[in-house]
Amino acid sequence: MIKKTLSVHEVVKLTGVTARTLHYYDEIGLLKPAKVTEAGYRMYDDAALSRLQTILLFRELEFPLKEIKVILDSPDFDPSEAIAQQIKLLELQYKHIGELIAFTREIQNKGVTTMNFDVFDKSEIEKYEAEVKAKWGNTKAYQEYKQKDIARKEGDYSKLAGELMTLFSELGALKQAAPDADEVQKKIAALQKFITDNYYVCTDEILGGLGEMYVCDERFQNNIDKAGGEGTAEFIKKAIAVYCSKRQTGN
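Residues numbered from 1 in each chain as written. Predicted model: local features only at pLDDT ≥ 70, side-chain atom pairs only at ≥ 80, totals over all residues. Heavy atoms only, no water.

### A closer look at the sheet that holds strand β2 (residues 35-36)
Part 1 of the reasoning: Here three strands make up an open sheet; going across it, the order is β1-β3-β2 and the pairing antiparallel. Edge positions in the sheet fall to β1 (6-7) and β2, since each has one partner strand and no second.
Part 2 of the reasoning: Direction of pairing for β2 relative to strand β3 (residues 42-44): antiparallel, over a ladder of two bridges. Counterpart to Lys35 in the pairing with β3 is Met43. (Pairing = 2+ DSSP bridges. Helix = DSSP H or I, 4+ residues; strand = E, 2+ residues; numbered from the N terminus.)

Okay, here's the thing in structure tokens:
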């Protein structure tokens, strides 16, 4: 830990961040110095440097400055949880880069005739980023969830969780049907209504994102497959995609 306040020049030397960047962060309210001397020099303490470190981590993950500010200024922001989320995102990026390296080596060894565009897919990273932003970003959906969460009585949590798992179980029982089957689509509509009634307004866009997350996030996939049998999460994702597509086209 730094035991004294540091000047802009010292922070630049310590972190590699430019003085211009520090001045800009101050101007937009993203990183305020601990104090400004009578001569107008910005000074940074441990708390400011800790915030700067968090900012730089989010920047490495390509979060826009505006979103970083919203996240860090959230009254519910938990630095330890944010670090865990950053680690998860870095691991996903590491995995993605590893796949790209393996793919390019294959091209090098076998020639440019190798075709595989799946390797460029970053949806898993993007969906987890969306989850992080929803958690800390004060989105309308998350605010609605918080309001309903405040009003919810103790004991309702397990009841709602049980009802949600029942919906997943019922969808799992329909896995032998096609994702666009009427009974499957009615159950997806019921899932959307359940989320809206108990958590937040589940728009078609949000529902589509949830469908992706049910597969991309191992936690969700394991719980859903446990409720409805192996392959349920993937089946629900496909059924949701059909549901949202039909709603978009009006069919």
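### What about the packing of helix α10 (residues 204-216) against helix α11 (residues 218-228)?
Part 1 of the reasoning: Between α10 and α11, the shortest axis-to-axis distance is 5 Å and the interhelical angle comes to 85°. The orientation of α10 with respect to α11, classified from their angle, is roughly perpendicular. Listed contacts from α11 to Met213, Tyr214, Val215 and Cys216 of α10 are Glu218, Phe220, Gln221 and Ile224.
Part 2 of the reasoning: Classifying every residue of the contact of α10 with α11 by side-chain character gives six nonpolar, one polar and one charged. (Axes fitted to C-alpha atoms, helices over the stretch in contact; angles between N-to-C directions. Parallel < 35°, antiparallel > 145°, perpendicular 65-115°, else oblique. Contact = heavy atoms within 4.5 Å. Nonpolar A, V, L, I, M, F, W, Y, C, P; charged D, E, K, R; others polar.)

### Comments concerning the packing of aromatic side chains
What characterises a pair of aromatic rings is the spacing of the ring centres plus the angle enclosed by the ring planes.
Part 1 of the reasoning: By the definition in use, this model includes two aromatic pairs.
Part 2 of the reasoning: Taken together, a centroid distance of 5.4 Å and an interplanar angle of 80° make the contact between Phe168 and Tyr214 edge-to-face. Of this pair, Phe168 sits in helix α8 (residues 156-172) while Tyr214 sits in helix α10, and the two are 46 residues apart along the sequence.
Part 3 of the reasoning: Assessed through its relative accessible area of 2%, Phe168 is described here as buried.
Part 4 of the reasoning: With centroids separated by 5.9 Å and ring planes inclined at 45°, the aromatic side chains of Tyr214 and Phe220 adopt a geometry described as tilted.
Part 5 of the reasoning: Relative accessible area serves as the criterion here: at 4%, Tyr214 is assigned to the buried category.
Part 6 of the reasoning: With relative accessibility at 30%, the residue Phe220 sits in the partly exposed group.
Part 7 of the reasoning: An aromatic cluster is defined as three or more aromatic residues linked by ring pairs; in this entry it consists of Phe168, Tyr214 and Phe220. (Phe/Tyr/Trp six-rings, centres within 6.5 Å; stacked < 30°, edge-to-face > 60°. Buried < 20%, exposed > 50% of the residue type's maximum accessible area, 1.4 Å probe, protein only.)

### What about the confidence of the model for the protein?
Part 1 of the reasoning: Mean pLDDT over the protein: 80, with 78% of residues reaching 70 or higher.
Part 2 of the reasoning: Across the protein, element-level confidence peaks in β3 with a mean pLDDT of 94 and bottoms out in helix α7 (residues 140-151) with 56. (pLDDT = per-residue confidence, 0-100.)

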